[in-house]
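# Understanding the architecture of this molecule
Single-letter residue listing:
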Amino acid sequence: MQTVPTVSLNNGANIGSVGFGLYKVPLADSAHLTGLALEAGYRTLDTAALYANEEGVGQGVRAATEEWLDREDIFVTSKVWNDRHGYNATLAAFDESMDKLGLDYLDLYLVHWPCPDQDLYIPTYKALEKLYHDGRVRAIGVSNFEPEHLDRLLQETDVVPALNQIELHPWLQQRELRTLHEAAGIRTQAWSPLARGQLLEDPVLTSLAQAHSRSVAQIVLRWHHQCGVLSLPKASSAGRIAENIDIFDFTLSTEEMDAVAGLDRGHRSGSNPVLVG
Ligand SMILES: NC(=O)c1ccc[n+]([C@@H]2O[C@H](COP(=O)([O-])OP(=O)(O)OC[C@H]3O[C@@H](n4cnc5c(N)ncnc54)[C@H](OP(=O)(O)O)[C@@H]3O)[C@@H](O)[C@H]2O)c1
């Protein structure tokens, strides 16, 4: 079993440098894959109301805590979906997620998308602040927030988000947001850290993989780790799940990090946040 290093969030809570992503994991497989991830050494799990697998994730977590793991050692994230923006709707959505998860508390609750056309992300986030102050969630944050959304949030709310979960990989390096996050004490967490598999044949990455006798996925996840970016790879087999956290015993040199930095090309594998309503 691998040990995944943790980093502290701005409120002192600890989160894994690499977590297990569960987008598009069918409900029927989600308890099993959650169990496989925990057995491999992941302690950070990323689900959302949208993923329709919170029941399975909760089941996997409860099975582990009944048998061999302490709940405090597992970090569970979920997110409020776009059709539940607004203060009261978000509080109700949180209760529904917690019923599905079957857990006493959540580690991190995120606003999944800012949905600027609805213009409700401030009251939505204020509901998260209430859940945080009530002790129902250990940390709160956002996802897919662009600089203008973060600027407004920092001005109009009290709790600085623990992290912003954004699409980030070598083909979309998000330098402006990363700089802004660092200045504000917000961690950067990468979704689709492998660009959904689209970059696995990139020649620069494949040559680095050959040089280190590692897979391209491992090179990319190591790059995230050395950038100080948290990542959430999703995988469907025990082999890949283990492979994706077997990255803590080698180092990319400065020249190699520079070579990956040169691959940035603004390529999105998912939606552009300003267009998601
Ligand atoms: N906040 C948001 O808006 C948002 C949006 C998207 C995703 N996310 C989160 O980020 C997580 C990851 O994103 P993602 O699932 O879109 O993309 P990803 O993790 O970048 O890529 C997943 C794809 O890569 C493949 N893969 C994984 N490990 C591999 C390996 N070692 N070698 C070769 N291929 C490998 C997977 O295949 P198999 O599954 O077949 O193994 C899958 O097709 C999600 O699960 C979710 O938790 C959040």
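A few points on the structure. (Residues numbered from 1 in each chain as written. Predicted model: local features only at pLDDT ≥ 70, side-chain atom pairs only at ≥ 80, totals over all residues. Heavy atoms only, no water.)

Over its twelve residues, helix α8 (residues 216-227) extends 17 Å from the first C-alpha to the last, a length consistent with the 16 Å expected when each residue adds 1.5 Å. With nine of twelve residues buried, α8 is to be regarded as a mostly interior element. Those residues of α8 that fall on the buried side of the exposure criterion are V216, A217, Q218, I219, V220, L221, R222, W223 and H224. A positive phi of about 80° marks G228, the residue just after α8. (Helix = DSSP H or I, 4+ residues; strand = E, 2+ residues; numbered from the N terminus. Expected span 1.5 Å × (residues − 1). Buried < 20%, exposed > 50% of the residue type's maximum accessible area, 1.4 Å probe, protein only.)

In this structure the tally under the stated criterion is five aromatic pairs. Considering the side-chain rings of F94 and Y109, the 4.8 Å spacing of their centres and the 70° angle between planes classify their relative orientation as edge-to-face. With F94 in helix α3 (residues 87-101) and Y109 in strand β6 (residues 106-111), the pair connects residues that are 15 residues apart, well separated along the chain. Residues F94 and Y109 agree in their burial class; the two are buried. Taking 6.2 Å as the distance between ring centres and 65° as the angle between the ring planes, the aromatic pair formed by W113 and W191 counts as edge-to-face. Separated by 78 residues along the polypeptide, W113 in the loop between β6 and α4 (121-133) and W191 in strand β9 (residues 187-191) bring together distant segments of the chain. Under the relative-accessibility criterion, W113 is labelled buried at 9%. Geometry around F250 places R222 over its ring, the cationic atom sitting 5.8 Å from the centre. (Phe/Tyr/Trp six-rings, centres within 6.5 Å; stacked < 30°, edge-to-face > 60°. Lys NZ or Arg CZ within 6 Å of the ring centre and 35° of its normal.)

Turning next to the packing of helix α7 (residues 203-212) against helix α10 (residues 254-261). As a packed pair, α7 and α10 sit with axes 10 Å apart at the nearest point and diverge in direction by 155°. One element, α7, and the other, α10, form an angle in the roughly antiparallel class. In this structure, α7 crosses over α10, and the sense of that crossing is left-handed. Together, V204, L205, L208 and H212 of α7 and E256, A259 and V260 of α10 make up the contact between the two elements. A class-by-class count of the residues in the contact of α7 with α10 yields five nonpolar, one polar and one charged. (Axes fitted to C-alpha atoms, helices over the stretch in contact; angles between N-to-C directions. Parallel < 35°, antiparallel > 145°, perpendicular 65-115°, else oblique. Left-handed = near helix turned anticlockwise from the far one by under 90°. Contact = heavy atoms within 4.5 Å. Nonpolar A, V, L, I, M, F, W, Y, C, P; charged D, E, K, R; others polar.)

Quick look at the nonpolar core now. Counting residues in each nonpolar core, the largest one holds 70 residues, and the members touching the most others are L45, Y109 and I241. Once residues lying within four places of it in the same chain are set aside, the contact partners of Y109 are S78, K79, V80, T90, A93, F94, L128, L131, V137, A139, I140 and G141. The next biggest cluster of nonpolar side chains, apart from the first, holds ten residues, and it includes F75, L110, A162 and L163. (Core = buried A, V, L, I, M, F, W, Y, C linked by side-chain atoms within 4.5 Å.)

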